[in-house]
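Examination of the molecular architecture
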Amino acid sequence: MHPVLVYTASRIGLFIVTLGVLYLLGLQNPLVLILVAFLISGVASYVLLSKQRDAMSARINDKINRPKPQDD
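Just so we're clear, the structure is a prediction, and the values are computed from it rather than from any experiment.

The next thing to look at is the environment of tyrosine 46. When you line up the elements, tyrosine 46 lands in helix H2 (residues 30-48). Among the residues examined, tyrosine 46 registers a relative accessible area of 59% and is labelled exposed. A sequence separation of 13 residues divides tyrosine 46 from arginine 59, and the C-alpha atoms of the two residues are 18 Å apart.

The structure is reproduced here in structure tokens:
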């Protein structure tokens, strides 16, 4: 599967799980709930999703550095 899609889906899934856990723990204010979930899931993804992030980075780097065909 495409590394960018895997990483993006993993980030979204991690955010939703964090949001659900915080809600179950009693955080009811929607704005605070979203902000705290965003921060916690961001830190968690930095640690947990490093392999996916590296694969995504390599894929993007390969696309950027690929030689362009010459139209002569």
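This part covers a positive patch on the surface. On the surface, Arg59, Lys63, Arg66 and Lys68 cluster together into a positively charged patch. Topologically, arginine 66 is positioned in the segment after helix H3 (50-65).

With their axes 5 Å apart at the nearest point, H2 and H3 run at an angle of 75 degrees to one another. By the angle between their axes, H2 is roughly perpendicular relative to H3. Where H2 abuts H3, its residues Ser45, Tyr46, Val47 and Leu48 lie against Ser50, Gln52 and Arg53. Here the residues of the contact of H2 with H3 are counted per class, giving three nonpolar, three polar and one charged.

The subject of this paragraph is the side chain of serine 41. Here serine 41 lies in helix H2. By relative accessible area, serine 41 is classed as buried at 2%. In this structure the side chain of serine 41 is engaged in a polar contact, spanning 3.2 Å, whose partner is the backbone oxygen of phenylalanine 38.

In this section: the environment of tyrosine 7. You can see tyrosine 7 is positioned in helix H1 (residues 3-24). By relative accessible area, which is 10% here, tyrosine 7 ends up buried. Those residues in contact with tyrosine 7 that lie beyond four places of it in its chain are Leu49, Gln52, Arg53 and Met56.

What follows deals with the environment of valine 4. Note on placement: valine 4 falls in helix H1. When its relative accessible area of 25% is taken as the criterion, valine 4 is described as partly exposed. For valine 4 and methionine 56, which are 52 residues apart along the polypeptide, the C-alpha to C-alpha distance reads 5.2 Å. Excluding anything up to four places from it in sequence, valine 4 contacts Met56 and Ile60.

Conventions used here
- Residues numbered from 1 in each chain as written.
- Predicted model: local features only at pLDDT ≥ 70, side-chain atom pairs only at ≥ 80, totals over all residues.
- Heavy atoms only, no water.
- Helix = DSSP H or I, 4+ residues; strand = E, 2+ residues; numbered from the N terminus.
- Buried < 20%, exposed > 50% of the residue type's maximum accessible area, 1.4 Å probe, protein only.
- Patch = residues over 30% accessible without salt bridge, like charges linked within 9 Å, V, L, I, M, F, W, Y side chains within 5 Å.
- Areas by Shrake-Rupley, 256 points an atom, 1.4 Å probe, with all protein chains shown as cover.
- Salt bridge = Lys/Arg side-chain N within 4 Å of Asp/Glu carboxyl O.
- Lys, Arg positive; Asp, Glu negative; His and termini not counted.
- Charge placed at Lys NZ, Arg CZ, Asp CG, Glu CD.
- Axes fitted to C-alpha atoms, helices over the stretch in contact; angles between N-to-C directions.
- Parallel < 35°, antiparallel > 145°, perpendicular 65-115°, else oblique.
- Contact = heavy atoms within 4.5 Å.
- Nonpolar A, V, L, I, M, F, W, Y, C, P; charged D, E, K, R; others polar.
- Polar contact = N/O pair within 3.5 Å; in protein donor to acceptor, adjacent residues only side chain to side chain.

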